[in-house]
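Below, each chain spelled out in residue letters.
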Amino acid sequence: MKVLVIGGGGREHAIIRKLKESKKIAALFCAPGNGGIAKDATCVNIGACDIDGMVAFAQKNAIDFAVVAPDDPLCLGMVDALEAVGVRCFGPNKAAAIIEGSKVFSKNLMKKYGIPTAAYEVFDDPAQALAYIKEQNTYPAVVKADGLALGKGVVIAQNEEEAAQALHSIMEDKIFGTSGNKVVVEEFLTGPEVSVLCFTDGYTIAPMVSSMDHKRVGDGDTGPNTGGMGTIAPNPYYTPEIAKQCMDTIFLPTVQAMKEEGRPFKGCLYFGLMLTPKGPKVIEYNCRFGDPETQVVLPLLKTDLFEIFQAVRDERLARIDVQWQDGCAACVVMASGGYPKKYATGLPISGLDETGQAPGVTVFHAGTKLDGDNILTSGGRVLGVTATAPTLDEALEKAYAGVESIHFDNCHYRKDIGRK
Ligand code: AMP
Ligand code: GLY
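Here's a quick rundown of the structure. (Residues numbered from 1 in each chain as written. Chains lettered and ligands numbered in written order. Predicted model: local features only at pLDDT ≥ 70, side-chain atom pairs only at ≥ 80, totals over all residues. Heavy atoms only, no water.)

## Thoughts on the site of ligand 2
Next up, step 1: Around ligand 2, the neighbouring residues are D213, G227, Y270, N286, R288, G290, D291, P292 and E293.
Next up, step 2: A distance of 2.8 Å is found between a nitrogen atom of ligand 2 and a side-chain nitrogen or oxygen belonging to D213.
Next up, step 3: One nitrogen or oxygen atom from the side chain of N286 is found 3.2 Å from an oxygen atom belonging to ligand 2.
Next up, step 4: Alone, ligand 2 offers 200 Å² of accessible surface; in the complex the protein occludes 89% of this.
Next up, step 5: Residue composition of the shell around ligand 2, grouped by class: two nonpolar, three polar and four charged. (Near = heavy atom within 4 Å. Polar contact = N/O pair within 3.5 Å; in protein donor to acceptor, adjacent residues only side chain to side chain. Areas by Shrake-Rupley, 256 points an atom, 1.4 Å probe, with all protein chains shown as cover. Nonpolar A, V, L, I, M, F, W, Y, C, P; charged D, E, K, R; others polar.)

This is the structure in structure tokens:
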């Protein structure tokens, strides 16, 4: 089969590495891909959101199956467009991707179906939102832009002034465009965070190994939020008892709710959970694999990923036994100096071997490009250095040894991944 993966970050590299293990795939393409993916698949220079370009490429090259990985093309209807011309896809259609594309939708869904989440109100007027926050007078107050915002649409306001500023920039300055037409103002929750990615075909749900992201840029969870600076799997806080509770009160009810809404969800449904003193609650849904969660989850998968993708597409996931390895995985993200704010690109990376690896570890490329034989930085998050081992300590030690063997100017990474 000819398979196309859409996207070009560390997550897509991890998906492609796993798909390469499948015997059923004769040719693997990635659009647009990156400098590391180019060593594992044929990269095609089409933007991940270019629906017309993607459809034309898929038809011309007789692509059998596509994996749509990032949120933007999913929310724009990439799956609908490809399926319409006979390309089978892994990923939700536009109607189901709204579970990530609109926080107002997802919060209302949870309220309607009794799925535990933070208490909230929705506003389309900044003055009313601020009046509500003042009246509540409990800080921090959480302000969320309704639509997609590159993972930056959440503000934890410590006081009235910060809340006013957040509402102003989201709803009036429109820093996230129309994503800020509405906001959700919600209760601040506390507790350890857990990411659980699940395969679902709209009927059956198969949770993957749990993981923990590290969203803040600095050690000790300081500084601004990023797309994710590192991950570990499994998440040590996610006990079998909590997993059972999440299955019964969150995962199954969500799949059922989407079906009842006439928006059956097929693909990877990502649950961002907080284990609060009152039990697990949903912080957010994503309609896709997490990045860099995928980089620690998929290396622990034993079952053929492509078989799972096809079973999800064909609504026969119940007949697949999805199996996971014992052991742990750790991923440390090496980022460009300045990220998540301004940073330079085009810097040469040394310490990678000819397959783009460091000895003994897997290096997933996120923001790199090929320049002849050289690999240059091309994004904020550059590499995800990943290791698996029987214990978390060993996995971390191997991953950090990998990091130390790689160099580019002004590189920065967190030194405390998995230490909480
Ligand atoms: P999100 O972009 O929705 O993943 O939110 C980014 C981060 O903000 C989450 O990972 C949490 O750490 C934090 N966050 C979001 N909502 C809440 C909340 N209601 N209470 C506390 N922290 C939150
Ligand atoms: N790492 C968080 C996300 O993918 O949204």
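Next comes the rest of the description.
## Description of the sheet that holds strand β11 (residues 205-207)
Next up, step 1: Taken together, the four strands give an open sheet; going across it, the order is β11-β10-β16-β17, and neighbouring strands pair in antiparallel fashion. Either end of the sheet is taken by a strand with one partner, and the two such strands are β11 and β17 (279-286). Across this sheet, the average inter-strand angle for adjacent strands is 35 degrees, counted without regard to direction.
Next up, step 2: Of the pairings in the sheet, the one linking strand β10 (residues 193-200) to β11 comprises three bridges and is antiparallel in character. Across the sheet, residue T200 finds its bridge partner in β11, namely I205. (Pairing = 2+ DSSP bridges. Helix = DSSP H or I, 4+ residues; strand = E, 2+ residues; numbered from the N terminus. Axes fitted to C-alpha atoms, helices over the stretch in contact; angles between N-to-C directions.)

## Quick word on the packing of aromatic side chains
Next up, step 1: Per the stated rule, a full pass over the model turns up 12 aromatic pairs.
Next up, step 2: A centroid spacing of 6.5 Å and a plane angle of 70 degrees characterise the contact between F90 and F199, whose relative ring orientation is edge-to-face. Here F90 is found in strand β5 (residues 88-90), whereas its partner F199 is found in strand β10, with 109 residues between them in sequence.
Next up, step 3: We classify F90 as buried; its relative accessible area is 2%.
Next up, step 4: One aromatic cluster in this structure is built from F90, F199, F289 and F309.
Next up, step 5: One residue, K415, lies across the ring of Y413, its end atom 4.3 Å from the ring centre. (Phe/Tyr/Trp six-rings, centres within 6.5 Å; stacked < 30°, edge-to-face > 60°. Buried < 20%, exposed > 50% of the residue type's maximum accessible area, 1.4 Å probe, protein only. Lys NZ or Arg CZ within 6 Å of the ring centre and 35° of its normal.)

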